[in-house]
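A closer look at the structure
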Amino acid sequence: MTMRLRQIFYFFLLGMFVGLSLSGLIYWVITSIWFGLTITSWYELDTPKLEADGLLQHKTTQGRVARNHLTGNLGRTDVASVTQWLAPIVWEGTFDSTVIDSIYKQQNITVATTVFALGKYTRFLKDFLESAEEHYFVGFRVHYYLFTDQPEEVPNVKLGQERYLTVKKLPSMNRWQDISMSRMGILEKLIKDELASEADYIFCLDVDTKFHGRWSVESLGRLVGVIHPWFFDAPRFIFTYEHRPESQAYIPAEEGDYYFTGAAFGGSLKDVHHLTKTCREQMNIDIANSIEAIWHEESHLNKYFLHNKPSKLLSPEYLWRDISMSSGYVKIIRFSHVAKNNAEVRPNL
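All values derive from a computational prediction rather than experimental measurement. (Residues numbered from 1 in each chain as written. Predicted model: local features only at pLDDT ≥ 70, side-chain atom pairs only at ≥ 80, totals over all residues. Heavy atoms only, no water.)

Topic: the overall build of the protein
A count of helical and extended segments in the protein gives 9 helices and 10 strands. Within the span of the protein, comprising 349 residues, buried residues form 49% of the whole. For the protein, long-range pairs separated by at least 24 residues make up 74% of all intrachain contacts whose partners lie at least 6 apart in sequence. When the accessible surface of the protein is split by element, carbon and sulfur atoms take 56% of a total near 17200 Å². (Helix = DSSP H or I, 4+ residues; strand = E, 2+ residues; numbered from the N terminus. Buried < 20%, exposed > 50% of the residue type's maximum accessible area, 1.4 Å probe, protein only. Contact = heavy atoms within 4.5 Å. Areas by Shrake-Rupley, 256 points an atom, 1.4 Å probe, with all protein chains shown as cover.)

Structural notes on the confidence of the model for the protein
Mean pLDDT for the protein: 81, with 72% of residues reaching 70 or above. Across residues 24-73, confidence stays below pLDDT 50; counting only partners more than four residues off in sequence or on other chains, it has 69 contacts. (pLDDT = per-residue confidence, 0-100.)

Some details on the pairing of strand β2 (residues 110-117)
By the criterion of burial, β2 is predominantly enclosed, with 8 of the 8 residues buried. Covered by surrounding structure in β2 are Thr-110, Ala-112, Thr-114 and Phe-116 together with Val-111, Thr-113, Val-115 and Ala-117, the residues of both alternating faces. In terms of strand pairing, β2 meets strand β3 (residues 141-148) through 8 bridges, oriented parallel. Residue pairing across strands places Thr-113 opposite Tyr-144, the latter belonging to β3. In this region the chain leaves β2, passes through helix α5 (residues 125-135) and returns to the parallel neighbour β3; the handedness of that crossover is right-handed. Alignment of β2 against strand β5 (residues 201-205), held across 5 bridges, turns out to be parallel. (Pairing = 2+ DSSP bridges. Right-handed = clockwise from strand over helix to strand, strands pointing away.)

Side note on the pattern of salt bridges
This model, assessed by the stated rule, comprises 17 salt bridges. Residue Lys-168 pairs with Glu-194 through a salt bridge whose shortest N-O separation is 2.8 Å. Separated by 26 residues along the polypeptide, Lys-168 in strand β4 (residues 163-169) and Glu-194 in helix α6 (residues 176-195) bring together distant segments of the chain. Here Glu-194 falls in the partly exposed class, since its relative accessible area comes to 34%. A salt bridge links Lys-309 to Asp-257; the shortest N-O distance between them is 2.3 Å. Taken together, the positions of Lys-309 in the loop between α8 (297-307) and β9 (312-314) and Asp-257 in the loop between β7 (223-227) and β8 (260-268) put the pair 52 residues apart, joining distant regions of the chain. Relative accessible area serves as the criterion here: at 31%, Asp-257 is assigned to the partly exposed category. The network of salt bridges with shared partners includes Glu-92, Glu-317 and Arg-334. (Salt bridge = Lys/Arg side-chain N within 4 Å of Asp/Glu carboxyl O.)

Some words on the packing of aromatic side chains
Under the criterion given, the structure shown has 24 aromatic pairs. On the basis of an interplanar angle of 85° and a centroid distance of 5.5 Å, the ring pair of Phe-203 and Trp-215 is categorised as edge-to-face. Here Phe-203 is found in strand β5, whereas its partner Trp-215 is found in the loop between β6 (209-211) and β7, with 12 residues between them in sequence. Ring geometry for Phe-211 against Trp-215: centres 6.0 Å apart, planes inclined by 70°, an arrangement best described as edge-to-face. A single burial state applies to Phe-211 and to Trp-215, both of which are buried. In textbook terms, an aromatic cluster arises when at least three aromatic residues are bridged by ring pairs, as seen for Phe-128, Tyr-136, Phe-137, Phe-203, Phe-211, Trp-215, Tyr-318 and Phe-335. The ring centre of Phe-140 lies 4.6 Å from the NZ or CZ of Lys-105, which sits over that ring. The lysine or arginine in question, Lys-309, covers the ring of Trp-85, its NZ or CZ lying 5.0 Å from the ring centre. (Phe/Tyr/Trp six-rings, centres within 6.5 Å; stacked < 30°, edge-to-face > 60°. Lys NZ or Arg CZ within 6 Å of the ring centre and 35° of its normal.)

Some remarks on the environment of Glu-188
Tracing the backbone shows Glu-188 in helix α6. Note: C-alpha distance between Glu-188 and Cys-279 (91 residues apart in sequence) is 9.7 Å. Setting aside residues no more than four positions away along its own chain, Glu-188 makes contact with His-273, Thr-276, Lys-277 and Arg-280.

A word on the nonpolar core
Tyr-136, Phe-137, Phe-203, Leu-205, Trp-215 and Leu-220 are the most contacted members of the largest nonpolar core, which has 38 residues in total. Elements that contribute at least two residues to this core include exactly α4 (97-105), β2, α5, β3, β5, β7 and β8. No other element matches the 4 residues that α5 contributes to this core. Ignoring sequence-local partners within four residues, the contact set of Phe-137 consists of Val-111, Val-142, Arg-163, Phe-203, Trp-215, Ser-216, Val-217, Ser-219 and Leu-220. The next biggest cluster of nonpolar side chains, apart from the first, holds 36 residues, and it includes Ala-87, Leu-170, Leu-301 and Ile-333. (Core = buried A, V, L, I, M, F, W, Y, C linked by side-chain atoms within 4.5 Å.)

With respect to the sheet that holds β3
Each strand in a sheet pairs with its neighbour through backbone hydrogen bonds, running either in the same direction (parallel) or in the opposite one (antiparallel). Pairing is mixed across the open sheet formed by 8 strands, whose spatial order is β1-β9-β7-β8-β5-β2-β3-β4. Each edge of the open sheet is held by one strand with a lone partner, namely β1 (89-90) and β4. In the packing of helix α7 (residues 269-288) onto the sheet, the strands contacted are β5, β7 and β8, and the crossing angle to β8 comes to about 140°. (Axes fitted to C-alpha atoms, helices over the stretch in contact; angles between N-to-C directions.)

Below, the structure written as structure tokens:
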């Protein structure tokens, strides 16, 4: 009887050991999968561009950077740096510029950058271009595409090596809202007709802005949105989405993740072409129905991002409200709107 009890006791201990071992194994597998997904999301390693250029061997190096990010050696604990769908949110302190620069240097990329300067907005071109040459994708090939109704007002700014500027003439427009909403169709056509063999990524930026710090390859991704500086720390009910169901930009009050600015967005040519095409089509439907979204193309952009999640988000460092304003979360201001009198520069105010 004693021997029988001893055998039962030994089997019990063995069962406990096996059970705990299996539990530990299951936990390790789950956390490894989650961790791997986070690394892949953070650096978007498995993109066609990386595969085509044979750069996937850098997965270990990038994985180490991501691991440091997650464990606190390279990261932020005061802000969210990953979305619910595991897209990275880029803040100062969440990337290693030396590592990521060295990876993209091997890809020989070209970044197309569009800017619109119509009417009195040409006055902002000099500061925009000069500050971009100092801070924007320094050391990488950049091609600026400037749309303006006054080519003669484009300043003569010295560009660095492998930096190019193409000026494209547009007709003048009577309403600033029309200028804003026409951009999507113009960008769609530019990507389709000219950029397919000319660039790898594109960013679409407002001209009444200025660079103050690094904006480089850490911002690249398949589809990139910039969190609006007025709403990055606001609750959803404050977001100025279009709430009228009659508009194609309509977002119900209970939906929405972030509020994105229309002053800066980008990504791969394929994804930004799809974005601009969709927004242009939705705006045309609104025009046919005699409705104009509350914040024009920005409202349609937010509707698009609601259903087509950005693969990377840029924090408000990448479009701050005003260089004179500060926030405890924003450690560096990379890019900001400049102070201006809207009533003086906009044609119909």
